[in-house]
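Next come the chains, spelled out residue by residue.
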Amino acid sequence: MVELQESTRVLVELSNAQRPNHQNPGQCRTLVQDVMETWRLRTPNRWDPVPWWNEVLTWRGYMYNIIAGAGKSLTEIHPQLLHHGGPQLDQLGLRDRAWGINKLAAAARRRGMGETANAILAKQQGHIEVQEAFSKLREQSKACLEMEGETITGLNALETTSLDFFHAHHKAELFRLKGQFQERAGDGDGAHASYATSLSLCKQLSKAWIAWGEFCGRQATRAALAANQQRRALSQQAHAAGTAVAPFAKDEEGARWVEYAATCYLQSVKHGPQRHKNELVNVLHLLAFSEHTGAVGRALAKHVDAIQRWVWLPYVPQLLLSLLNTEAPHAKALLLRVAQAHPQALYCPLR
């Protein structure tokens, strides 16, 4: 009912403002703009079903088309509106129509309806603003990532799009998505380069750090499997020849990837401590269960001082238990830093 009442007010104001003898057409634009801003702030909940999103945003789409058409008429009837500051109603209508389409597509994608999301995004028409063009491309890419057999389609869409008009943080997000497509397509080197490019454009993008860390973790797992296979092959050859097994070389490649992964997780926490502090679980998991504890320790030594110390407070019990294992020196260094800033956090578990 609220939507209908606001829509009625908008239609009445637009109808009155299109009269040639209307005294204050600028007031009409202000009222309509306020309603449009309210609609942006009032959307269905993220957990609401797609039909609810569709009903609300489809109705608003009709209203945005009416506003855009009426805005052109208003500028023809009242040319003085062109001299007022800010965008005109026709521009606002087209902008918010594109915003509504992107929102509806995002709601469908979050519920695993990738094909529906792409069909909704295909309704975008004409020129749209840079922000909405970025949102459209991002939603299209995310939908393709969640669909089977659409990896090449999503990758081609990113590679054929000119990024010249996007802001640096927009480019960084698109390169992050490109890295995910390339990894899925089997191009590990290309994915590694895309993640590096993403963070060279915007090093504060925590999502890119996390995606890069997950990629490095998977690379470390592959390197460990390859090293184990090589060791088994050498052992079988030595057994067949009746000779002693030579000492195995250290898995330097695996250690390097583990250090990269730990570094990425720590950087994500550094740039987004409130939102991404749970990524420290991955660091502690690598520290406790990886074969390359020293590599994780090197990453901690390099980057731990750049992280706020309060983020370690939920993990004090785990760090205390780590004092009994091989990662004890690294856990002790973390606990000393926590004790300097928050002594009671250690006093209560230890008393």
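Right above here is the structure, for reference.
Conventions adopted
- Residues numbered from 1 in each chain as written.
- Predicted model: local features only at pLDDT ≥ 70, side-chain atom pairs only at ≥ 80, totals over all residues.
- Heavy atoms only, no water.
- Helix = DSSP H or I, 4+ residues; strand = E, 2+ residues; numbered from the N terminus.
- Areas by Shrake-Rupley, 256 points an atom, 1.4 Å probe, with all protein chains shown as cover.
- Axes fitted to C-alpha atoms, helices over the stretch in contact; angles between N-to-C directions.
- Parallel < 35°, antiparallel > 145°, perpendicular 65-115°, else oblique.
- Left-handed = near helix turned anticlockwise from the far one by under 90°.
- Contact = heavy atoms within 4.5 Å.
- Nonpolar A, V, L, I, M, F, W, Y, C, P; charged D, E, K, R; others polar.
- Phe/Tyr/Trp six-rings, centres within 6.5 Å; stacked < 30°, edge-to-face > 60°.
- Buried < 20%, exposed > 50% of the residue type's maximum accessible area, 1.4 Å probe, protein only.
- Lys NZ or Arg CZ within 6 Å of the ring centre and 35° of its normal.
- Salt bridge = Lys/Arg side-chain N within 4 Å of Asp/Glu carboxyl O.
- Disulfide = S-S within 2.5 Å.

Student: I keep staring at the overall build of the protein and nothing clicks. Help me out?
Tutor: From N to C terminus, the protein includes 17 helices and 0 strands. As presented, the protein carries roughly 19200 Å² of accessible surface, and 54% of it is formed by carbon and sulfur atoms.

Student: Before we go on, may I ask you to explain the packing of helix 6 (residues 130-145) against helix 8 (residues 168-184) in this structure?
Tutor: The relative placement of two packed helices is expressed as an angle between their axes plus a distance between the axes. It is at 11 Å that the axes of helix 6 and helix 8 come closest, and there the two elements cross at 15°. As summarised for this structure, helix 6 and helix 8 are arranged roughly parallel, according to the angle between their axes. Note that helix 6 runs across helix 8; the crossing there is left-handed. Residues Val-130, Gln-131, Phe-134, Leu-137, Arg-138, Ser-141, Lys-142, Cys-144 and Leu-145 of helix 6 form the contact with helix 8, whose participating residues are His-170, Glu-173, Leu-174, Arg-176, Leu-177, Gln-180, Phe-181 and Arg-184. When grouped by side-chain class, the residues that make up the contact of helix 6 with helix 8 number 8 nonpolar, 4 polar and 5 charged.

Student: Explain the packing of aromatic side chains here, please?
Tutor: We describe a pair of aromatic rings using the distance from one ring centre to the other and the angle between the two ring planes. Within this structure, the stated rule accounts for 6 aromatic pairs. Aromatic pair Trp-209 and Trp-212: ring centres 6.1 Å apart, planes at 25°, arrangement stacked. On the criterion of helical spacing, the pair formed by Trp-209 and Trp-212 is a turn pair, its members being 3 residues apart in helix 10 (residues 206-241). Like Trp-209, the residue Trp-212 is buried in the burial classification. Cluster of aromatic residues (ring-pair linked, three or more members): Tyr-195, Phe-215, Trp-257 and Tyr-260. Stacked on the ring of Trp-53, the Lys or Arg Arg-110 has its end atom at 5.7 Å from the ring centre.

Student: Got a minute to help me understand the pattern of salt bridges in this structure?
Tutor: When charged atoms on two side chains of opposite charge get close, those side chains can pair. What the rule picks out here adds up to 15 salt bridges. In this structure, the salt-bridge partner of Arg-109 is Glu-139, at a minimum N-O distance of 2.6 Å. Highlighted residues: Arg-109 in helix 4 (residues 89-110) and Glu-139 in helix 6, separated in sequence by 30 residues. Per residue, the accessibility class of Arg-109 equals that of Glu-139, and both read buried. Where Arg-109 meets Glu-146, a salt bridge forms, and the shortest distance between an N and an O atom there is 3.4 Å.

Student: Is there a simple way to think about the environment of Asp-90 in this case?
Tutor: Structurally, Asp-90 is set in helix 4. Counting along the chain gives 20 residues from Asp-90 to Ala-70, while the straight-line C-alpha distance between them is 7.2 Å. Excluding residues that lie within four positions of it along the chain, Asp-90 makes contacts with Ile-67, Ala-68, Gly-71 and Lys-72.

Student: Would you mind showing me how to read the state of the cysteines here?
Tutor: Defined simply, a disulfide is a covalent bond joining two cysteines at their sulfur atoms. A full pass over the atoms with the stated rule returns 0 disulfides. Cysteine Cys-216 remains unbridged, with the sulfur of Cys-264 as its closest cysteine sulfur at 4.7 Å. Cys-216 sits in the buried class, given a relative accessible area of 1%.

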